[in-house]
Amino acid sequence: MSEPTIYELSSTGRTGVTFPEPDVPKSTVPESLIRKDLALPELSEADVIRHFTHLSKLNYSIDEGFYPLGSCTMKYNPKVNEAAARLAGFAYSHPLQPEETIQGNLALMFHLQEWLKEISGFSSVCLEPSAGAQGEMVGVAIIHAYHRSTGGSTRRKMLIPDSAHGTNPASSAMEGFEIVSVPTDLHGNVDLNILRSLCDENTAGIMLTNPNTLGLFDQNVVEVVEIVHKVGGLVYGDGANLNALLGVLRPADIGIDVMHFNLHKTFSTPHGGGGPGSGPVGVCEKLVDFLPDPVVDIVEPATDELPALYGFRKPKKTIGRVKSFHGQFGMLVRAFVYISMHGPDGLKKVAEHAVLNANYIQSKLKNVYPVPYDRICMHEFVMEGKLADAPHIIALDISKRLMDYDFHPPTNYFPLIVPEALMIEPTETENKQSCDRFIDVLIKIAEEAKTHPELLKEAPHNTPVGRLDEVKAAKDLVLCCWLPE
């Protein structure tokens, strides 16, 4: 299917807007600055609206269907979150306003910090990081600053399990740490014997994703934390998979020292399309003074006559500012609304239903597709897109064929420790009917792989764009470009 460009729809003489007469005196523009020609499309307002509305309907979105993108928690975003973020007092405030004029905004930020502390068990939280990856970098920077402050400048080794999120080694490398990989044992846990052999006086810490990218809760997590702490290292918790733990386990209670929260995943702020994200960071007591600057605090307690006065506070040994202004404020509003509407019991049900959905789908598919770690999973699971009776079919073929059945494909080829990996996360927002349809389609695709493999090899068939040349797509940043003559 070929869609006309906005230039191809252009017709000379059409106009979509008429500018009003200027309300300031006209002045002459120098001749040298006047264009002889400006090759812009000429269309009516209706032409433009219809064109871009039509194109928008070609995009797949969480509002349209199931989005089982493993380890990304692509859950439905309640529209009440959007309505709250658009309230004039939030949407039209400016970060440079005097603090006394934005007390509502600061109160929201303060209480969100307190709620995240309660959910996670940490002593303090900073809302400033603008995404999970930046939250990771902030957490690693805090570990770095802490060791410098205690004379541990030789601690340059960061341990990272091979089942961790892919951004973990990048965040550590940006802080100058040596990356040391820790393998996974036969049960999908961190290999304790190898971990012990790697831990020494040069260990800065470990970046632990738990549940890990296999969708498994590490059965030895307490021992992992103890081993790292015993040599003076710190434990960073990757909070991207917090959706599985809400109301069930607080990361700080098992010894995690610092962790980022993905508000754009666990707490349903918009996710995808390049952002914006939000990655607040929580820390244990000994790391509170190293948080980014600033954090929101009560500067004057409430009295019988007056409410509390909120303002910004600079931590004593802060690593500094990591984002302009005070974080992605619109995302903070959305997360605040989500948490306040669910409450403690509702957040626990979020985790329970997410785990239930993942285990239900895994149990229905594990006899069709190989599941390398066949045990109870958390909010996601990993299976192999490789079938014994269809040796030429790979994970990519299965994912492409899923698109023909109006499903967004799951994550492909990650984690790297599983060959032909398909990582599936249904989230709690999918009902049983939706999960059943997804299961039925994957079972049908497995049968097609054996009887009509060409259907998979040539898929997708029903999408606006067919299968792209993978090599060309990887090398050419622009696959096609049309410019007017």
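This text goes with the structure placed above it.
Summarised in this report is the structure supplied together with it. All residue numbers refer to position in the chain's written sequence, counted from 1. Local features in a predicted model are, by the rule used here, given only for residues with pLDDT of at least 70; side-chain atom pairs are given and counted only at 80 or more, and totals for whole chains, interfaces and linings are based on all residues. Side-chain measures here rest on the full set of heavy atoms in the structure, leaving out hydrogens and waters.

Points about the overall build of the protein
To be explicit about the condition: In DSSP terms, a helix is any run of H or I states spanning at least four residues, a strand is any run of E spanning at least two, and both are numbered starting from the N terminus. Put simply, the radius of gyration uses C-alpha atoms, and a globule should come to 2.2 Å times the residue count raised to 0.38. Accessibility here uses a 1.4 Å probe with only protein chains present; expressed as a share of the type maximum, an area under 20% marks a residue as buried, one over 50% as exposed, and anything in between as partly exposed. Two residues form a contact once any of their heavy atoms are found within 4.5 Å. For the area figures, the Shrake-Rupley method with a 1.4 Å probe applies, and any residue is considered shielded solely by the protein chains shown. The charge count includes Lys and Arg as positive and Asp and Glu as negative, but it does not include His or the ends of the chains. Here the site of a charge means atom NZ of a Lys, CZ of an Arg, CG of an Asp or CD of a Glu.
Helix and strand counts for the protein come out as 13 helices and twelve strands. On C-alpha atoms alone, the protein measures out to a radius of gyration of 26 Å, which is about the 23 Å that the 2.2 N^0.38 rule sets for 485 residues. Each principal axis of the C-alpha distribution contributes one length, and for the protein these read about 75 × 75 × 45 Å. Burial status across the protein gives 49% buried among its 485 residues. Residue pairs at least 24 apart in sequence account for 71% of intrachain contacts in the protein once pairs closer than 6 positions are excluded. Accessible surface, the protein as shown: approximately 23900 Å² in total, 56% of it carbon and sulfur. Mean positive and mean negative side-chain charge positions of the protein (42 and 61 charges, respectively) differ by 1 Å.

Observations regarding the environment of glutamate 64
Within the secondary structure, glutamate 64 is located in the loop between helix H1 (45-56) and helix H2 (79-85). Judged by its relative accessible area of 54%, glutamate 64 falls in the exposed class. A sequence separation of twelve residues divides glutamate 64 from tyrosine 76, and the C-alpha atoms of the two residues are 9.8 Å apart.

Quick notes on the sheet that holds strand S10 (residues 381-384)
What counts, and what does not: Following DSSP output, two strands are said to pair if at least two bridges run between them. With axes taken as lines fitted to C-alpha atoms, and helix axes fitted only over the stretch in contact, angles between N-to-C directions fall between 0 and 180 degrees.
Across the sheet, which stays open at both edges, the three strands sit in the order S10-S12-S11 with antiparallel pairing between neighbours. Unpaired on one side and paired on the other, S10 and strand S11 (411-412) mark the two borders of the sheet. Bridge count between S10 and strand S12 (residues 421-424): four bridges; the pairing is antiparallel. Bridge assignment links glutamate 384 to a residue of S12, and that residue is alanine 421. Along the sheet, helix H10 (residues 395-404) contacts S11 and S12; its crossing angle with S12, the most-contacted strand, is approximately 40°.

Description of the packing of aromatic side chains
Applied cut-off: Pairing of aromatic side chains requires ring centres within 6.5 Å, counting the rings of Phe and Tyr and the six-membered ring of Trp. Pairs whose planes differ by under 30 degrees are stacked, by over 60 edge-to-face, and all others tilted. A ring is scored as having a charge over it whenever the NZ atom of a lysine or the CZ atom of an arginine sits within 6 Å of its centre and within 35 degrees of its normal.
This model, assessed by the stated rule, comprises nine aromatic pairs. Considering the side-chain rings of phenylalanine 110 and tyrosine 310, the 5.4 Å spacing of their centres and the 45° angle between planes classify their relative orientation as tilted. Placement of phenylalanine 110 in helix H4 (residues 103-120) and of tyrosine 310 in strand S9 (residues 309-313) is noted, with a sequence separation of 200 residues between them. Tyrosine 310 sits in the buried class, given a relative accessible area of 11%. An angle of 20° between the planes, with centres 4.6 Å apart, marks the rings of tryptophan 115 and phenylalanine 336 as stacked. On the criterion of sequence distance, the pair formed by tryptophan 115 in helix H4 and phenylalanine 336 in helix H9 (residues 329-365) is long-range, its members being 221 residues apart. Pairwise contacts between aromatic rings join Phe66, Phe407 and Phe438 into one cluster. Above the plane of the ring of phenylalanine 177 lies arginine 156, whose end atom (NZ or CZ) is 5.0 Å from the centre.

Topic: the pattern of salt bridges
Heads up, the rule is: Just to be clear on terms, a salt bridge is a Lys or Arg side-chain nitrogen sitting within 4 Å of an Asp or Glu carboxyl oxygen.
Scanning the entire structure with this criterion turns up 18 salt bridges. A salt bridge links lysine 432 to aspartate 436; the shortest N-O distance between them is 2.8 Å. With a gap of four residues between them, lysine 432 and aspartate 436 both fall in helix H11 (residues 432-451), about one helical turn apart. The network of salt bridges with shared partners includes Glu82, Arg86 and Arg334.

Regarding helix H5 (residues 132-149)
Worth spelling out the cut-off: Helix span, as expected, comes to 1.5 Å for every residue beyond the first.
End to end, H5 covers 26 Å across 18 residues, agreeing with the expected 26 Å (1.5 Å per residue, within 8%). Of all 18 residues in H5, 14 are buried; the element is thus mostly enclosed.

What about the environment of leucine 108?
Tracing the chain through its elements places leucine 108 in helix H4. Placed 200 residues apart in sequence, leucine 108 and alanine 308 show a C-alpha to C-alpha distance of 12 Å. If we skip the residues at most four places from it in the chain, leucine 108 touches Phe90, Phe329, Leu332, Val333 and Phe336.

Description of the nonpolar core
Note the threshold: The term nonpolar core refers to a set of buried residues drawn from Ala, Val, Leu, Ile, Met, Phe, Trp, Tyr and Cys, joined through side-chain atoms within 4.5 Å.
One finds Leu112, Leu116, Leu195 and Phe267 to be the most contacted residues of the largest nonpolar core, which totals 58 residues. When contributions to this core are tallied by element, the ones reaching two or more residues are H2, H4, strand S3 (178-182), helix H7 (192-198), strand S4 (203-209), helix H8 (221-230), strand S6 (258-261) and H9. In terms of residues, this core owes the most to one element, H9, which gives twelve residues. Sequence-distant contacts of leucine 195, that is, excluding residues within four places in its chain, are made with Leu159, Val182, Val190, Ile206, Val224 and Ile227. Val382, Phe407, Ile424 and Val441 belong to the second largest nonpolar core, which has 35 residues in total.

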